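Notes for the structure review
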Amino acid sequence: MEAAVSDINNDIRILNGTKLNLLMDDVNCSVFLGSVGAFQLVEEEVVAIIGPQSSGIAHMISAIANGLQVPLISYAATDPTLSALQFPFFIRTTQSDSYQMAVMADLVDFFRWREVIAIVVDDEYGRNGDRSFGRRVEQEKGKNFIQIVFV
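Residues numbered from 1 in each chain as written. Predicted model: local features only at pLDDT ≥ 70, side-chain atom pairs only at ≥ 80, totals over all residues. Heavy atoms only, no water.

- If you look the chain up in an unreviewed UniProt entry, it shows as ionotropic glutamate receptor from Salix koriyanagi.
- We quote the UniProt Subcellular location (unreviewed entry) comment for the chain here in full: "Membrane". (UniProt positions renumbered as here; feature names shortened; annotations may be inferred.)

Written out as structure tokens, the structure reads:
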């Protein structure tokens, strides 16, 4: 990211001479630290936030970004519930998990599996992906779906 900012700042044609500043912080995948960091960034008069890396933190920071009307650009948050309708200032640069779940359901159909067991982690990412996959398999494919959750 630092190299990209340097390239942008070195070419006055890109931002008409406006300097782009990069403020970086590692919140160690903590929702609390991510929230505190989001509020601290606003005190620095940022115009956009890039990150976070996880969907769980993105939910909390999206609510903050919406309230403050600061765009949140995430390169890794894939939870399909992070929608533009609920979070108009959230911008995703990667595919949502719903595409991955659709492909997995298509594999179930392709191999004509009659029963599927999903083993997921008991967090926002695991639960939402599991729900999306289960709905797709049961409703569109008419298969039995069994869920196993690891805490």
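**Re the sheet that holds strand S3 (residues 90–92)**
- The parallel open sheet is built from 3 strands, whose spatial order is S1-S2-S3. Unpaired on one side and paired on the other, strand S1 (49–50) and S3 mark the two borders of the sheet.
- Looking at chain direction, S1 and strand S2 (residues 72–74) are connected through 2 bridges and run parallel. In the sheet register, Ile-50 faces S2, and the bridge partner there is Ile-73. (Pairing = 2+ DSSP bridges. Helix = DSSP H or I, 4+ residues; strand = E, 2+ residues; numbered from the N terminus.)

**So, the pattern of salt bridges**
- All chains considered together, the criterion is met by 1 salt bridge.
- Between Arg-13 and Asp-11 there is a salt bridge; the shortest N-O distance is 2.8 Å. (Salt bridge = Lys/Arg side-chain N within 4 Å of Asp/Glu carboxyl O.)

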